Each structure stands twice: as C-alpha cells, then as structure tokens.
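Chain and residue survey
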Amino acid sequence: MGADKQMNLGFLFQISGVHYGGWRYPSAQPKRAADIRYYAEVVRTAERGKLDFCFLADSIAAYEGSAEKQDRSKEALMAAEPKRLLEPFTLLAALAMVTEHIGLVTTATTTYNEPYTIARLFASLDHISNGRAGWNVVTSANLAEAHNFGRDSHVEHGDRYARAEEFIDVVFKLWDSIEDGAYIRDKLAGQYGLSDKIHFINHVGEHFKVRGPLNVPRPPQGHPVIVQAGSSQPGKELAARTAEVVFTAQQTLADGKAFYSDVKGRMAKYGRSSDSLKILPGVVVYVAETESEAKAKYETVSNLVPPDFGLFMLSDLLGEIDLKQFDIDGPLPEDLPEAKGSQSRRDVIINLARRENLTIRQLYQHISGASGHRSLWGTPKQIADQFEQWVYEGAADGFNILPPYLPESMTDFVNFVVPELQRRGLFRTEYEGSTLRDRLGLARPKNSVAKPS
Ligand SMILES: Cc1cc2nc3c(=O)[nH]c(=O)nc-3n(C[C@H](O)[C@H](O)[C@H](O)COP(=O)(O)O)c2cc1C
C-alpha cells in the first residue's frame, strides 16, 4: 500500500453487536435497545476513533423467510436479540444532532419503496447531518418483507434488480431537480426561488412515472453516498455503475482479491475510474493486548449462544433437519437426513464441520458470530497486519467493522486497533473536510438535470 493511501473504516451498528451471543455478553446493555442515549454513546466512541461512518442495516420485517418458517421459528427466535428495534431514519436524524463528523449510512430497499419517498428521506438526512448521509441500496433478499407489502411471493431476482436500476436513476434526478442556489430567498425583491433552477423531471419508465421536483433542496453532498451490498452478477453490475462503497463478505485473501478486481473491472464501461468506488469487506474483530485474551473474548461470546437457538439456526442452514436427536458435543453424523432447500449452502456447512473437525456445538458457535463474514482475533498488531495486507494486496480499500458485542468491542477497536493503524500512517488522525464524501475521497456529483450554463 502506498504511503499516501489510507484506508476507510465504517462499522455495522446492530444493537448489542452482530454475534448471536452478543446481547448476553457481561458488558452488553440490551435493555437500552430503544434508548437513543445508548446509540449516541456507541456512535460517539466510533467518532472518537475517527471512523468514516456508522451503518444501520435494515429490513422491513421482524423475521425472515416464508410465513411457515416464521411461524415455526418464532419460539426459537425468542433467544435472539432482534437485529433492529428502531426505524433507521428517525434514529440517524437524532444521531446527527449529537455527532459532528461521522457518516450516517442506512439501508433502503428499492423493491418495497417508491423513489420519491427515498429521495426525500436521504436528502433530508443529508441536510440535517450537514452532508454525512449514505444510502445502502438493497433489493431485499428477505421474503418476509413481501408479506408486509401485500404480496405472497417475493419479486423475482432479475425483476428486483431491473427495478433497482431505474429506481436509482429516478432518485438521482430528484436530488438534482432543485439546483444548488435555486432558493435565493431575496426578502427585498420578494423572490424566494429561481424558476430556471427548479425542474420537473417528468420521468416515465418501465417501473416509475415521477413528475417531480423533489420537495427538498439539493443535498449538501449533491447526492448522498451510494452503498451497495449485493454480490450476484446483477448486484455487481449495479455496483459498478452506481455505487461508491461496496460491502461484501469475503473469507479469504484470494476471494477478496478476485471480488475486488471483478467489481472494479466492470467500472470502465460506465466511464468511471476505479478509485471512485471503495470496497469494504466486513470483518468481525476481537482485539486485546494478548492473542490469548482476544481468543478468550471470542470463546466467551460464543458460549453465550443459547443451545436451542444455535441448533435451530444450524438446522435451518442444513435444510431443516432435526438436530436434537444427535449428541450436541459429538460430530455431525455421516448419514444426515435429506435436506430441504439449498444443497450448496448445506454442503458448505458440512465441509466446514468436517475440515475443522467441529462438534455440533462448535459448529453453531462458529457460524453464530459473523453471518458469513470473516472473524479475526489477535493483538492490535496482528489485526493491523491483516488489514494492511488486504489493502496492500488489492482485496480492500478499507473495512466495514462488525463489532461482535457492543458497546465493548467498539471501544476495544477504537482504543487498540485505530492507534496502531494511525501509527503506521494507514488511518487518519483527524477528520478531513466536512462531508462523508470528503472522508471517502469521493467527488461531489455534477447536476444531471441542470441546463449547462
Ligand atoms: C455487509 C452487508 C450488509 C447488508 N445489509 C443489508 C441490509 O441492511 N438489508 C438487506 O435487505 N440486505 C442487506 N445485505 C444483503 C445484500 O443487500 C444482498 O441482498 C445479498 O448480499 C444478496 O445479494 P444478491 O441479491 O445480489 O445475490 C447486506 C449484505 C452485506 C454483505
């Protein structure tokens, strides 16, 4: 990594952390899950560490999967902390008032929303936060969302992405529909706005018909930062055309490099330079002064996953087989019953158990912590070495940190890892500029709707 290149770091803020045992960790505060002061404390810690952004993932459903699966899993899920308990725009607007620098990113699905609503929400959040908003564009993988929006089945994958492509274009036009400086607010002349700077976009497409203009002035960043997290072929294509940050779950350096060059390699045909998109793989970090202490933290939280919940989750991944009939501290039996659902996902889990020689308990503990992301434990130096290698070797521009348990692992990251990265010149010591774009080194987009002057 060149001496002048610094990495970008965001973090996924899931109430008591991403690990299923996180809410039971001794220092966790799950009873504050709807307390704005709790969120403010965690985000201020991240801001003390000069992190680029806080990311609130979102889904417009309490549970996942089919109605039948939701009915069946309701009891088992009572051992897990929900992934979210507050609506993200409301929460981020409040956090904008108690922070100054950190970016505020959340998810909005293009499948179960309308572009006007989403353009308006993000434009408002960008104004409220003085240019710190980012939109994680998702097409929704969760069937349960369909059931909350009048549908029995999910919109088909290809159709979801076709709608997403047009959705983003409409949002861009709406953000541009009131030009910078359109509102002059001239009290003496009695003139509030300039009509030639306010545009009806008159969009008519396959999915949307939107006249505009937006009823919010152009956001301070021009466009809030666009984030994308789908890694299917259409997901990567959408990212290459429109995204400025990409989240991804990559387990190995080789896979990380392949994904990085694949996505960046698709950008040239859209006239984009590869450094106008930052790829941030997710990583769960356990850090302490010694490696054994860090490993002990991992073990502590892993042991806090309630067995019934662990077995339910594992059984789901293995194709809905009843695991209670087997010894939890023995290996997965060779002759597992037939699977329902995805065979490839089941094979990945079975191969993992065999390769690492894991018992059933160890297997669910292993997959409880990271929802497919990489987990690292070690000293600050060991963690920084890993980060440096991925950036140096072209697998990442930085990372999306997934704290396993909160608030403690955010504090650990800021106290241990950030100073080590700063010492190496790999991370900022002061925030640069004022907007999220400034921190990510991204240009403010030109207005696509304005007439050239
Ligand atoms: C770090 C990360 C964060 C994600 N956040 C969300 C989210 O907040 N809401 C959501 O519905 N999907 C989220 N996803 C899932 C992706 O948007 C996407 O649906 C999934 O990766 C499947 O991609 P595909 O449809 O392109 O195959 C996230 C994925 C990753 C890796």
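Residues numbered from 1 in each chain as written. Predicted model: local features only at pLDDT ≥ 70, side-chain atom pairs only at ≥ 80, totals over all residues. Heavy atoms only, no water.

Time to look at the pairing of strand β5 (residues 183-186). Where β5 and strand β6 (residues 191-193) come together, two bridges link them in antiparallel fashion. Across the sheet, residue D186 finds its bridge partner in β6, namely Q191. Here β5 folds back onto β6 in antiparallel fashion, the turn holding four residues, of which G190 has a positive phi close to 70°. (Pairing = 2+ DSSP bridges. Helix = DSSP H or I, 4+ residues; strand = E, 2+ residues; numbered from the N terminus.)

Mapped onto the present numbering, the UniProt feature "binding site: FMN" (unreviewed entry) falls at D58, T107, H157, Y161, S231 and S232. Among the structural elements, H157 can be located in helix α6 (residues 157-176). Residue class for H157 comes out partly exposed when judged on its relative accessible area of 31%. (UniProt positions renumbered as here; feature names shortened; annotations may be inferred. Buried < 20%, exposed > 50% of the residue type's maximum accessible area, 1.4 Å probe, protein only.)

The omega angle of the peptide bond from G212 to P213 is -10°, so this bond is cis rather than trans. With respect to the secondary-structure elements, P213 resides in the loop between β8 (209-210) and β9 (225-228). With a phi angle near 60°, K50 is a residue other than glycine that sits in the positive phi range. Note on placement: K50 falls in the loop between α1 (36-48) and β2 (53-56).

Time to look at the packing of helix α7 (residues 233-242) against helix α8 (residues 253-265). Running from amino to carboxyl end, α7 crosses α8 at an angle of 55°, the nearest separation of the two axes being 8 Å. Relative to α8, the element α7 lies oblique. Along the contact surface, α7 presents K236, A239 and A240, while α8 presents F259, D262 and V263. In terms of residue class, the contact of α7 with α8 is built from four nonpolar, no polar and two charged. (Axes fitted to C-alpha atoms, helices over the stretch in contact; angles between N-to-C directions. Parallel < 35°, antiparallel > 145°, perpendicular 65-115°, else oblique. Contact = heavy atoms within 4.5 Å. Nonpolar A, V, L, I, M, F, W, Y, C, P; charged D, E, K, R; others polar.)

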